[in-house]
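Read off the chains here:
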Amino acid sequence: MTLLAIRDLYLHYRSGDRVVHAVDGVSLTIENKGEAVGIVGESGSGKTSMATALMRMLPRNVARFDGSILLDGQELTILSDDDFRRQIRWKKIAMVFQGSMSILNPVLRIGFQVAEPLLAGGEVSKREALQRAESLLERVGLPAGIAQRYPHELSGGQKQRVVIATALIMNPDLLILDEPTSALDVSVQAQIMNLLKDLKEDPGISMIFITHDIGLASDLCDHIAVAYAGQHAEFGSAERVLLDPHHPYTNLLLRSLPRLHETEPPQAMPGQPPDLTRPPAGCRFHPRCPWAFEVCFSEAPPEYPMADGGHARCFLNDAAVSGDRFQAHLRHWAESRV
Ligand SMILES: Nc1ncnc2c1ncn2[C@@H]1O[C@H](COP(=O)(O)OP(=O)(O)OP(=O)(O)O)[C@@H](O)[C@H]1O
Ligand code: SF4
Ligand SMILES: [Mg+2]
């Protein structure tokens, strides 16, 4: 059975007399246990908002929150807040928050902090909870005895491992990681990525991995969603999205990466992300898209299905749109893709 199926998810915030369209009709699927989906995109594209919607940890100024979230066949959006907290949050879906290394409590020992969610549940004894915390700390690659230490005695990479262990304490099926390596140096980043790969294999945790870095996502993830202005411009198998992108934004993101054996320099992404209180009419990417044509200015492209089960929100994938100008655009697009 499909582990996670998100359909048409919306999360809007009130901001003064405006509405921020942070998540605006997002769909995403994780088919199997142990599969990872990467969400990549520029700052402000709604990545964290989608994650907090899945955890139902919403701020007070929510203007709209709806859609369908099926986890193992169970519709989560119809659960009351109490049932969601009792059955789902931390137990089935857990999250490593953006910047969460810095919110470890400085006056509590590491073992206690990792065990705390279990202790709060009141279902196991203190001894059992601390034992489970210790074995998890070992599982995430930390040395024996770390449970007795305090956060200031740990390096950045060790703190990130502690935060990951804390998220795993209730044995969740799905772990959301929001920029888990962005504050770490490259070698520690690589160690954390290896740990995440291990956890995918054993115990087979499924992951949503949020990052600005499409290279990191490609290292870990089986599927990639490319977030743009509150929507997913493209979603599909990592291989297909990286080697055969079907959305101009993905194409430009890939062209902006430096490559070792490339003679041409990387190309900067043109323009700026839009203001999500007033997303552009038509295709949201049209003000920055070198391939935009008439229909893009007035109509919003739907999610065109791709052969790999993914989709791309771009009219260039519409076999029904025809005409010479469109064909010329298609040729230009085909020639300039990565
Ligand atoms: N509580 C809130 N109230 C109003 N607007 C918000 C709130 N939280 C986020 N936003 C806005 O929603 C949009 C999406 O923000 P979000 O944090 O989800 O983006 P992101 O892709 O995670 O960005 P980053 O890569 O910088 O972490 C942004 O325009 C942001 O300013
Ligand atoms: S729909 Fe049009 S503007 Fe949008 S990405 Fe495709 S070509 Fe560019
Ligand atoms: Mg974020």
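These lines cover the structure that appears in this document, whether it is placed above or below.

Calculation criteria
- Residues numbered from 1 in each chain as written.
- Chains lettered and ligands numbered in written order.
- Predicted model: local features only at pLDDT ≥ 70, side-chain atom pairs only at ≥ 80, totals over all residues.
- Heavy atoms only, no water.
- Salt bridge = Lys/Arg side-chain N within 4 Å of Asp/Glu carboxyl O.
- Helix = DSSP H or I, 4+ residues; strand = E, 2+ residues; numbered from the N terminus.
- Buried < 20%, exposed > 50% of the residue type's maximum accessible area, 1.4 Å probe, protein only.
- Phe/Tyr/Trp six-rings, centres within 6.5 Å; stacked < 30°, edge-to-face > 60°.
- Lys NZ or Arg CZ within 6 Å of the ring centre and 35° of its normal.
- Pairing = 2+ DSSP bridges.
- Contact = heavy atoms within 4.5 Å.
- Axes fitted to C-alpha atoms, helices over the stretch in contact; angles between N-to-C directions.
- Right-handed = clockwise from strand over helix to strand, strands pointing away.
- Polar contact = N/O pair within 3.5 Å; in protein donor to acceptor, adjacent residues only side chain to side chain.
- Near = heavy atom within 4 Å.
- Nonpolar A, V, L, I, M, F, W, Y, C, P; charged D, E, K, R; others polar.
- Areas by Shrake-Rupley, 256 points an atom, 1.4 Å probe, with all protein chains shown as cover.
- Donors = N, O, S within 2.8 Å, 3.2 Å for Na, K, Ca; no water.

Counted under the stated rule, the structure contains 13 salt bridges. Residue Arg56 is joined to Asp81 by a salt bridge in which the shortest nitrogen-to-oxygen separation is 2.7 Å. With Arg56 in the loop between helix H1 (47–54) and strand S4 (62–71) and Asp81 in helix H2 (residues 81–87), this pair connects stretches of sequence that are 25 residues apart. Accessibility expressed as a relative area gives 56% for Asp81, which makes it exposed.

Moving on, we get to the packing of aromatic side chains. Across all of its chains, the model carries 5 aromatic pairs by this definition. Residues Tyr249 and Phe285 carry aromatic rings whose centres are separated by 5.3 Å and whose planes lie at 65 degrees to one another, so their mutual orientation is edge-to-face. Within this pair, whereas Tyr249 is found in helix H9 (residues 248–255), its partner Phe285 is found in the loop between H9 and helix H10 (294–298), the two being separated by 36 residues in sequence. In this structure Phe285 comes out as buried when scored by relative accessible area, which is 1%. With centroids separated by 6.5 Å and ring planes inclined at 65 degrees, the aromatic side chains of Tyr304 and Phe315 adopt a geometry described as edge-to-face. Of this pair, Tyr304 sits in strand S11 (residues 304–305) while Phe315 sits in the loop between strand S12 (311–312) and helix H11 (324–336), and the two are 11 residues apart along the sequence. The class of Tyr304 is buried, set by a relative accessible area of 12%. Put simply, the rings of Tyr228, Tyr249 and Phe285 touch in pairs and so form one group of aromatic residues. The positively charged end of Arg64 is found above the aromatic ring belonging to Tyr10, 3.7 Å away from the centroid.

Attention now goes to the sheet that holds S4. Within the open sheet, the 4 strands sit side by side as S2-S1-S4-S5. Their pairing is antiparallel. With one partner strand each, in any of the chains shown, strand S2 (18–30) and strand S5 (74–75) form the two edges of the open sheet. Note that S4 and S5 share 2 bridges and pair antiparallel. Within S5, the residue paired with Leu71 across the bridge is Gln74. Along the sheet face, H1 touches strand S1 (4–15), S2 and S4 and points at about 110 degrees away from the line of S1.

What follows covers the pairing of strand S7 (residues 174–178). Where a strand is regular, its side chains alternate between the two sheet faces. Burial within S7 is extensive, with 5 of its 5 residues counted as buried. Residues Leu174, Ile176 and Asp178 point to one face of S7 and Leu175 and Leu177 to the other, with burial holding for every one of them. Both strand S6 (residues 93–96) and S7 contribute to a ladder of 4 bridges, which runs parallel. Looking at the pairing, Met95 lines up with Ile176 of S7. Sheet topology places S7 next to strand S8 (residues 206–211); 5 bridges connect them, and they run parallel. When the sheet's bridge partners are listed, Leu175 is paired in S8 with Met207. In the classification by handedness, the crossover that spans S7, the intervening helix H6 (residues 186–201) and the parallel S8 is right-handed.

With that settled, consider the environment of Asn105. Summarising the element assignment, Asn105 is placed in the loop between S6 and helix H3 (110–121). Apart from residues no more than four positions distant in its own chain, Asn105 is found in contact with Gln113 and Pro151. From its side chain, Asn105 meets the backbone nitrogen of Val107 in a polar contact 3.1 Å long.

Turning our attention to the site of ligand 2. Contacts to ligand 2 come from 13 residues, most closely from Cys283, Cys289, Cys296, Cys314 and Phe315. Partitioning the shell around ligand 2 into residue classes produces 11 nonpolar, 2 polar and no charged.

Around ligand 1, 16 residues are found, and the nearest of them are Ser43, Gly44, Lys47, Thr48 and Ser49. At 2.8 Å from an oxygen atom of ligand 1 is found a side-chain nitrogen or oxygen belonging to Thr48. The side chain of Gln98 places a nitrogen or oxygen atom 2.9 Å from an oxygen atom of ligand 1. About the coverage of ligand 1: the protein hides 69% of its 640 Å² of free accessible area. Residue assignment for the shell around ligand 1 shows that the elements contributing at least two residues are S2 and H1. No other element matches H1, which puts 3 residues into the shell around ligand 1. A breakdown of the residues in the shell around ligand 1 according to their chemical character gives 5 nonpolar, 9 polar and 2 charged.

When a metal carries six donors in an octahedron, the ideal angles between them are 90 or 180 degrees, while four donors in a tetrahedron ideally lie at 109.5 degrees. Only Thr48 (OG1) and Gln98 (OE1) from the protein coordinate the magnesium ion (ligand 3), and they sit 2.0 to 2.4 Å from it. Highlighted residues: Thr48 in helix H1 and Gln98 in the loop between S6 and H3, separated in sequence by 50 residues. A relative accessible area of 29% places Thr48 in the partly exposed class.

Don't take any of this as a statement about function, it's just geometry.
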